[in-house]
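# Summary of the model geometry
The lines below spell out each chain.
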Amino acid sequence: MASTKNTGTEKYDGFTEEERGAMKERAKELKAGARRGPKPDPEVEVLAKIAEMSDSDRAIGERLHALIRANAPMLQPKLWYGMPAYARDGKIVCHFVCAGKFKTRYATFAFSDEANLDDGTMWPNSFALTTLDAAAEKRIAALVKQAVS
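Below is a summary of the structure that appears in this document. (Residues numbered from 1 in each chain as written. Predicted model: local features only at pLDDT ≥ 70, side-chain atom pairs only at ≥ 80, totals over all residues. Heavy atoms only, no water.)

As a further point, take the nonpolar core. L64, L75, F96, F109, F111, L129 and I140 are the most contacted members of the largest nonpolar core, which totals 29 residues. Breaking this core down by element, the ones donating at least two residues are α2 (42-51), α3 (55-71), β3 (91-97), β4 (107-111), β5 (126-129) and α4 (134-147). Broken down by element, the residue count for this core peaks at five residues, all from α4. Not counting chain neighbours up to four residues away, the residues in contact with L64 comprise F96, F109, L129, L132 and I140. (Core = buried A, V, L, I, M, F, W, Y, C linked by side-chain atoms within 4.5 Å. Buried < 20%, exposed > 50% of the residue type's maximum accessible area, 1.4 Å probe, protein only. Helix = DSSP H or I, 4+ residues; strand = E, 2+ residues; numbered from the N terminus. Contact = heavy atoms within 4.5 Å.)

Structure representation (structure tokens):
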């Protein structure tokens, strides 16, 4: 059996520190949801998480949040693995992963299989974002509307 310790010369193929952190955040979210008593406002939690992001990620996150709330007000913001997500009937429809979360070169905005985006036998459901310009905002707004139609 291979060692799981990284001595500097061995490569560990398990979860990264960032992935383990996301799983821990998800466990906290599930525990918080199971608690009795008053629950924190999920939109406040999402906005707080966006506020913690780097400047470029925060700009994208704030704009995405506003676009989703304006174009699909029936979606409820919530945290999902420590990331801003938007759900219908408790099921995630779309979510945002900032570049800083997993130390990647771009952020992503993705739709789940709950989104009504079907178009033939193949269609995109995840998008790389480096910034949001007017054209990207228009496309995202249309996709969000379609996703909940």
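Next up on the list: the packing of α3 against α4. At a minimum axis distance of 9 Å, the contact between α3 and α4 shows a crossing angle of 45 degrees. Compared by their axis directions, α3 and α4 come out oblique. Seen along the crossing, α3 lies across α4 with a hand that is right-handed. Only E137, I140, A141, V144 and K145 of α4 make contact with α3, whose side of the interface consists of R63, L64, L67, I68 and N71. Of the residues belonging to the contact of α3 with α4, the class tally is six nonpolar, one polar and three charged. (Axes fitted to C-alpha atoms, helices over the stretch in contact; angles between N-to-C directions. Parallel < 35°, antiparallel > 145°, perpendicular 65-115°, else oblique. Left-handed = near helix turned anticlockwise from the far one by under 90°. Nonpolar A, V, L, I, M, F, W, Y, C, P; charged D, E, K, R; others polar.)

A few words on the pairing of β3. Of all seven residues in β3, six are buried; the element is thus mostly enclosed. Relative to β3, strand β2 (residues 83-88) runs antiparallel, the two sharing four bridges. Its bridge partner lying in β3, Y86 is registered against C94. In this antiparallel pair of consecutive strands, β2 and β3, the connection spans two residues, and D89 shows a positive phi of 55 degrees. When β3 meets β4, the two strands line up antiparallel, connected through four bridges. Looking at β4, one finds that C94 is bridged to F111. (Pairing = 2+ DSSP bridges.)

Think of a ball as big as a water molecule: rolled over the atoms, this probe shows where empty space is left. A volume near 340 Å³ is recorded for the largest pocket. In terms of lining, the largest pocket is formed by 13 residues, of which the most central are E29, A32, G33, P42 and E45. Those elements giving two or more residues to the lining of the largest pocket turn out to be α1 (17-34), α2 and β1 (76-80). Looking at the lining of the largest pocket residue by residue, the class counts come to six nonpolar, one polar and six charged. (1 Å grid on protein atoms, 1.4 Å probe; cavity = no way out; pocket = protein on both sides within 12 Å on 5 of 7 lines; lining within 4 Å. Points joined across faces, edges and corners; volume = space filled by probe spheres on them.)

Turning to the pattern of salt bridges, a few remarks are in order. Side chains that carry opposite charge are capable of pairing whenever their charged atoms lie near each other. As enumerated under the stated definition, the model contains seven salt bridges in all. A salt bridge links K49 to E52, with the shortest nitrogen-to-oxygen separation between them at 3.6 Å. By relative accessible area, which is 18% here, K49 ends up buried. Relative accessible area serves as the criterion here: at 61%, E52 is assigned to the exposed category. As a salt-bridge pair, R58 and D55 come within 2.3 Å of each other at their nearest N and O atoms. Within this pair, R58 and its partner D55 are both found in helix α3, separated by three residues, close to a single helical turn. With relative accessibility at 22%, the residue R58 sits in the partly exposed group. (Salt bridge = Lys/Arg side-chain N within 4 Å of Asp/Glu carboxyl O.)

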